[in-house]
Amino acid sequence: MTTVLHNKACSTSRAALDTAAAEGVEVEVHDYLKKPLTESELRDLIGKLEDPVTDLVRRDPYFKGLGLSDADVQSEDQVIALLVEHPRLMQRPVLVKGDRAIIGRPKDRVAPFLAD
């Protein structure tokens, strides 16, 4: 089973679900804004993540509005602390399958991950 950490307002996240449906892959959708990940869940996710941990944080206007910079999200502990406090800063979608996880950006990363 593949879990998609999903934000329904995000077109890339919706595209990941569309790709899964087109490929006939059953997914479990986790709306991380309604049910934010705990510190323990984030540690588990990061342990599976094939991408650099710092990539898990969105660098959007909200990030900048908090006065944050890349230096604030370099370590695993920094990323976890920030995402526990501000879950909306988590990159999306994130796909988790077994002991592997990826950030589904760009969109063309999703289909190969689902097929693997």
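Preceding this section is the structure that the text describes.
A brief report on the enclosed structure follows.

What counts and what doesn't
- Residues numbered from 1 in each chain as written.
- Predicted model: local features only at pLDDT ≥ 70, side-chain atom pairs only at ≥ 80, totals over all residues.
- Heavy atoms only, no water.
- Helix = DSSP H or I, 4+ residues; strand = E, 2+ residues; numbered from the N terminus.
- Expected span 1.5 Å × (residues − 1).
- Buried < 20%, exposed > 50% of the residue type's maximum accessible area, 1.4 Å probe, protein only.
- Arc of directions from axis to C-beta.
- Contact = heavy atoms within 4.5 Å.
- Lys, Arg positive; Asp, Glu negative; His and termini not counted.
- Salt bridge = Lys/Arg side-chain N within 4 Å of Asp/Glu carboxyl O.
- Phe/Tyr/Trp six-rings, centres within 6.5 Å; stacked < 30°, edge-to-face > 60°.
- Lys NZ or Arg CZ within 6 Å of the ring centre and 35° of its normal.
- Pairing = 2+ DSSP bridges.
- Axes fitted to C-alpha atoms, helices over the stretch in contact; angles between N-to-C directions.

**Brief notes about helix H1 (residues 11–23)**
Given a rise of 1.5 Å per residue, 13 residues ought to cover 18 Å, and the 18 Å separating the end C-alpha atoms of H1 matches this to within 8%. Burial in H1 covers these residues: Thr-12, Ser-13, Ala-15, Ala-16 and Ala-20. Buried residues of H1, seen end-on, are gathered within an arc of 155° and therefore sit on one face of the element. Residues of H1 that are exposed and point over 90 degrees away from its buried face: Asp-18, Ala-21 and Ala-22. Contacts from the buried residues of H1 go to strand E1 (2–6), strand E2 (27–31) and helix H5 (110–115). Where H1 ends, the next residue or the one after it, Gly-24, has phi of about 75°, a positive value.

**Focus: the side chain of Arg-92**
Of note, Arg-92 is situated in the loop between helix H4 (76–85) and strand E3 (94–97). Buried and unpaired, Arg-92 has no salt bridge, with Asp-60 as the nearest side chain of opposite charge at 5.5 Å. Once you skip the residues sitting within four places of it in the chain, Arg-92 turns out to touch Leu-5, Asn-7, Cys-10, Thr-12, Ser-13, Tyr-32, Arg-58 and Arg-105.

**Quick look at the environment of Phe-63**
Position of Phe-63 among the secondary structure elements: in helix H3 (residues 61–65). For the pair Phe-63 and Leu-37, spaced 26 residues apart in sequence, the C-alpha to C-alpha distance is 18 Å. If near-sequence neighbours (up to four positions away) are discounted, Phe-63 is found in contact with Val-57, Arg-58, Leu-68, Ser-69, Asp-70, Val-73, Leu-82 and Leu-89.

**A closer look at the packing of aromatic side chains**
Applying the stated criterion across every chain yields a total of 0 aromatic pairs. Of note, Arg-88 hangs over the ring of Tyr-62, and the distance from its end group to the ring centre comes to 3.7 Å. Lys-97 extends its terminal NZ or CZ atom over the ring of Phe-113, reaching a point 5.2 Å from the ring centre.

**Some points on the pairing of E2**
Sheet analysis places E1 next to E2, joined by 5 bridges and oriented parallel. Each residue of the ladder has a partner; that of Thr-3, found in E2, is Glu-28.

**Considerations on the sheet that holds E2**
Strand order across the open sheet formed by 4 strands is E2-E1-E3-E4, with mixed pairing between neighbours. Edge positions in the open sheet fall to E2 and strand E4 (100–103), since each of these has one partner strand only. The sheet shows a mean angle of 20° between the axes of neighbouring strands, taken without regard to direction. Sheet topology places E3 next to E4; 4 bridges connect them, and they run antiparallel. Opposite Leu-95, over in E4, you have Ile-102 as the bridge partner. Here H1 sits on the sheet in contact with E1 and E2, set at roughly 155° to E1.

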